[in-house]
Amino acid sequence: MRRRTFLKAGLASTAMTALAHAKETGMKRPNVLWLMSDEQRADSLGCYGTPWAHSPNLDKRAKEGVIFSAAYTQSPVCTPARICLLTGKYCTETRVWHNMGRHDLKFDFLTNIFREAGYASATFGKQHYGGPRKAFDLERSLVLSPAVDCYGYAPEYDERKYDVVKHPTGWVLGGTYPAPIEETMERHCVEEAKQWLDGLKEDEPFLLRISFSAPHTPVVPPPPFDTLIAEDDIKLPPEADPLPPGAARWMRGKGASADPLTPEQVRKMRRFYYGHCAFVDHEFGRLLDWMEARHLLDNTIVAFLSDHGTHLCDHGRVQKGTFYDPSANVPYFFWYPRAVAAGKTLNTPVETRSLLPTLLDLAGLPVPGHCADTSLADTLLRGEEPEARPVFSGIAFGVEPRHPDGRIVMVRDGDWKLTVCYDLPEEPGELVNLADDPHEQRNLYNAPEAS
């Protein structure tokens, strides 16, 4: 804390310190716009260096702010990741390790601090954190369109007309959205958010989260996004395709195997996925443009991230749930020209549970002790690499009957990433050096040089 106080005091004549000392100076607290997608890989954005990505709206804000290239979710599945975001805690603290986790959420949401400070708060889209208590004043669940769900199209739509790619499990891994674009849940999220913003009192600070379900399954972008990106332009590294021969036992299950898909299906599902991400960018862009035209962004911090990523047949998998980078490393950036540094990409690994502590810190609000050291506010103000620390992630799925939870944990420390089964410490894990093996194909867990 001394380092943070000294930094802010040393910038006394700048707008950065005016932000940090908003309470003392009477400056209006900044608004917060939290943009969130589900199951979105970092390589789906052009600002992460992907030449085929179509994301001009998010790229613009990211390049005017600070991008974290190595941001890790605290769980590579929805519910535990979202609870970690809302509380600033790990799965070991929330005790929610998988999507079916039961809990009563007796811990506080960090969003409550904004609410207690007089912020109006709302969230539109996918919530998926369970429990009886709300994290926002207004919560509107807008997830799946009646036209198509995770396992198929509504009866009135013939799937053969929409180029559908299905996994043997039934998941819709790709296809064209069959109804008008106005009927997508993402469009509804944006329109309802605009109505809510229009209804706020003048100068009332707000915390607004837009939480799209897309590009989560079903991956069904509406035209023209379904064909926006040419299949031949998508060049994922083929060296990342195989499941590593030394992969841990828990990674060899068939439920999410890419083996049943033909090369043609793989190409199609990738086209649909990156097109769906382009649609996400388009809808966020509509909201950002609308807010900018009304000067609602003049004093608003914008943060973007996804709860976790997904596999597109790399590492021999589809869907999420692993600690390989396509699933665990997510896009994460902040934009706020009044204080946040511009045009910076930082490569030190960070955790996404830092999101709300950082936003609270930037807004001059108190950060609870359990997550005070996770705030990245100083990093954003300076535009310099944060202090290097290990980052952690966790998930649970049955490994064997005697350990039905099968909790798996990951730690990344510098270039090294270790994954082990928490409940079966005798079970061989996975250890990779990302500097030498960026596609995570050589498991060094039992290698002499890693001992």
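Residues numbered from 1 in each chain as written. Predicted model: local features only at pLDDT ≥ 70, side-chain atom pairs only at ≥ 80, totals over all residues. Heavy atoms only, no water.

In this structure, what is going on with the sheet that holds strand β3 (residues 71-72)? I would like to understand it.
One key point about sheets: their strands pair by backbone hydrogen bonds, in either a parallel or an antiparallel sense. Read from one edge of the open sheet, three strands run β14-β3-β17, paired in mixed fashion. What marks the edges here is a single partner per strand, and that holds for β14 (329-330) and β17 (350-351). In the sheet, β3 pairs with β17 via two bridges, with the strands oriented parallel. Bridging from a neighbouring strand, A71 pairs with V350 of β17. (Pairing = 2+ DSSP bridges. Helix = DSSP H or I, 4+ residues; strand = E, 2+ residues; numbered from the N terminus.)

Explain the packing of helix α4 (residues 56-63) against helix α9 (residues 263-293) to me, please; I cannot follow it from the model alone.
If you want to describe how two helices pack, look at the angle between their axes and the distance between the axes. Remark: α4 packs on α9, axes separated minimally by 7 Å, with the N-to-C direction vectors making an angle of 60°. Comparing their axes, α9 and α4 come out oblique. Two secondary-structure elements touch here, α4 through P56, N57, L58, D59 and R61 and α9 through D281, H282, F284, G285, L288 and E292. Considered class by class, the residues forming the contact of α4 with α9 number four nonpolar, three polar and four charged. (Axes fitted to C-alpha atoms, helices over the stretch in contact; angles between N-to-C directions. Parallel < 35°, antiparallel > 145°, perpendicular 65-115°, else oblique. Contact = heavy atoms within 4.5 Å. Nonpolar A, V, L, I, M, F, W, Y, C, P; charged D, E, K, R; others polar.)

What exactly am I supposed to notice about the packing of helix α8 (residues 185-198) against α9 here?
Close contact between α8 and α9 brings their axes to 10 Å; oriented N to C, the two are set at 15°. Overall, the two elements α8 and α9 adopt an arrangement that is roughly parallel. In terms of crossing hand, the pair formed by α8 and α9 is right-handed. Between α8 and α9, the contacting residues are E186, R187, V190, E191, K194, L197 and D198 on the first element and F279, H282, E283, R286, L287, W290 and M291 on the second. Here the residues of the contact of α8 with α9 are counted per class, giving six nonpolar, one polar and seven charged. (Left-handed = near helix turned anticlockwise from the far one by under 90°.)

What's the story with the side chain of R187 in this structure? I'm lost.
Relative to the helices and strands, R187 is located in helix α8. Overall, R187 belongs to the buried group, its relative accessible area being 12%. Within the structure, R187 has its side chain in polar contact with the side chain of E283 (distance 2.9 Å). (Buried < 20%, exposed > 50% of the residue type's maximum accessible area, 1.4 Å probe, protein only. Polar contact = N/O pair within 3.5 Å; in protein donor to acceptor, adjacent residues only side chain to side chain.)

I tried to follow the packing of aromatic side chains on my own but got confused; where do I start?
To describe a pair of aromatic rings, one takes the distance between the centres and the angle between the planes. This model, assessed by the stated rule, comprises 16 aromatic pairs. Aromatic side chains F114 and Y119 sit 5.1 Å apart centroid to centroid with 75° between the ring planes, which places their arrangement in the edge-to-face category. Per residue, the accessibility class of F114 equals that of Y119, and both read buried. Relative to F279, the ring of F225 lies with its centre 5.6 Å away and its plane at 55°, an arrangement referred to as tilted. Placement of F225 in the loop between β10 (206-211) and α9 and of F279 in helix α9 is noted, with a sequence separation of 54 residues between them. By the burial criterion, F225 is buried, and F279 matches it. A cation over an aromatic ring shows up here: R209 above the ring of W34, its NZ or CZ 5.0 Å from the ring centre. (Phe/Tyr/Trp six-rings, centres within 6.5 Å; stacked < 30°, edge-to-face > 60°. Lys NZ or Arg CZ within 6 Å of the ring centre and 35° of its normal.)

Help me understand the environment of Q265, please; the structure alone is not making it clear to me.
Position of Q265 among the secondary structure elements: in helix α9. Among the residues examined, Q265 registers a relative accessible area of 22% and is labelled partly exposed. In this view, Q265 contacts V165, K166 and P260; residues no more than four positions away in its chain are not counted.

Sorry if this is basic, but what is going on with the state of the cysteines here?
Here a disulfide denotes a covalent bond joining the sulfur atom of one cysteine to the sulfur atom of another. The final tally for this structure, using the stated rule, is zero disulfides. For the unlinked cysteine C47, the closest cysteine sulfur is that of C277, found at 12 Å. This cysteine, C189, is not joined by any disulfide, and C78 carries the nearest cysteine sulfur, 15 Å off. Taking relative accessible area as the criterion, C189 reaches 0% and is therefore assigned buried. (Disulfide = S-S within 2.5 Å.)

Just checking my understanding: could you explain the environment of D163 for this structure?
Among the secondary structure elements, D163 is positioned in the loop between β7 (152-153) and β8 (165-166). Sequence separation between D163 and G199 is 36 residues; the distance between their C-alpha atoms is 41 Å. Beyond its immediate chain neighbours, meaning those up to four positions away, D163 contacts G174, G175, K268, R271 and F272. Among the polar contacts made by the side chain of D163, one reaches the side chain of K268 at a distance of 2.7 Å. Engagement of the side chain of D163 in a polar contact is seen with the side chain of R271, the distance being 3.1 Å.

Would you mind showing me how to read unusual backbone geometry here?
Along the chain, T217 connects to P218 via a cis peptide bond; the corresponding omega equals 5°. Along the chain, P218 turns up in the loop between β10 and α9. Its identity is not glycine, yet E39 carries a phi of approximately 70°, on the positive side. The residue E39 is located in the loop between β1 (31-37) and α4 in this model. Positioned with a positive phi, Q319 is a non-glycine residue whose angle comes to about 70°.

I'm lost on empty space enclosed by the protein in this one. Help?
In this approach the atoms are scanned with a rolling probe the size of a water molecule, which exposes any empty space left behind. Following the criterion strictly, the structure yields three cavities of 30 Å³ or more and no others. Its boundaries defined by the atoms lining it, the largest cavity holds a volume of some 160 Å³. Of all elements in the fold, only α8 and α9 reach the threshold of two or more residues within the lining of the largest cavity. In terms of residue class, the lining of the largest cavity is made up of 10 nonpolar, six polar and one charged. When its volume is computed, the second largest cavity comes out at roughly 120 Å³. Lining the second largest cavity are 15 residues, with W250, F323, Y324, T419 and E430 sitting closest to its centre. For the lining of the second largest cavity, the elements supplying multiple residues, two or more each, are β20 (416-421) and β21 (430-433). (1 Å grid on protein atoms, 1.4 Å probe; cavity = no way out; pocket = protein on both sides within 12 Å on 5 of 7 lines; lining within 4 Å. Points joined across faces, edges and corners; volume = space filled by probe spheres on them.)

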